Amino acid sequence: MKNNLRLILAERHMPVCRLAKEINVKPRRLYRITRWQCKRIKPKLLLKIMGYLEITASEFFGG
């Protein structure tokens, strides 16, 4: 599933590792999502990302 996490982070000049530290997950998990290698994102992780970045699901998935 395609997502816009990489673009959203680029707009905010925020490295993936800083987001990972803020939401308390390993950076490797987020790198997989930003590189589009993750076919399925765990719902709790998705909620953490969306909550911290204050974005909606439609913005995240580019809908």
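Structure report, in brief. (Residues numbered from 1 in each chain as written. Predicted model: local features only at pLDDT ≥ 70, side-chain atom pairs only at ≥ 80, totals over all residues. Heavy atoms only, no water.)

Along helix α4 (residues 43–53), the positions that sit buried rather than exposed are Leu45, Leu46, Ile49, Met50 and Leu53. Seen along its axis, α4 keeps its buried residues to an arc of 130°; they face one direction. More than 90 degrees from the buried face of α4, the exposed residues found are Pro43, Lys44 and Leu47. Its buried side turned inward, α4 meets α1 (5–11), α2 (16–23), α3 (27–34) and α5 (57–61). (Buried < 20%, exposed > 50% of the residue type's maximum accessible area, 1.4 Å probe, protein only. Helix = DSSP H or I, 4+ residues; strand = E, 2+ residues; numbered from the N terminus. Arc of directions from axis to C-beta. Contact = heavy atoms within 4.5 Å.)

The subject of this paragraph is the packing of aromatic side chains. Summed over all chains, the structure comprises one aromatic pair. Plain terms: the ring middles of phenylalanine 60 and phenylalanine 61 are 4.9 Å apart, the flat faces sit at 85° to each other, and that makes the pair edge-to-face. (Phe/Tyr/Trp six-rings, centres within 6.5 Å; stacked < 30°, edge-to-face > 60°.)

Let's shift gears to the packing of α2 against α3. At a minimum axis distance of 9 Å, the contact between α2 and α3 shows a crossing angle of 125°. When the interaxial angle is binned, α2 and α3 end up oblique. The element α2 and its partner α3 pack so that their crossing is right-handed. Counted together, Val16, Cys17, Leu19, Ala20 and Ile23 of α2 and Pro27, Leu30, Tyr31 and Thr34 of α3 form the full contact between these two elements. Residues of the contact of α2 with α3, tallied by class, amount to eight nonpolar, one polar and no charged. (Axes fitted to C-alpha atoms, helices over the stretch in contact; angles between N-to-C directions. Parallel < 35°, antiparallel > 145°, perpendicular 65-115°, else oblique. Left-handed = near helix turned anticlockwise from the far one by under 90°. Nonpolar A, V, L, I, M, F, W, Y, C, P; charged D, E, K, R; others polar.)

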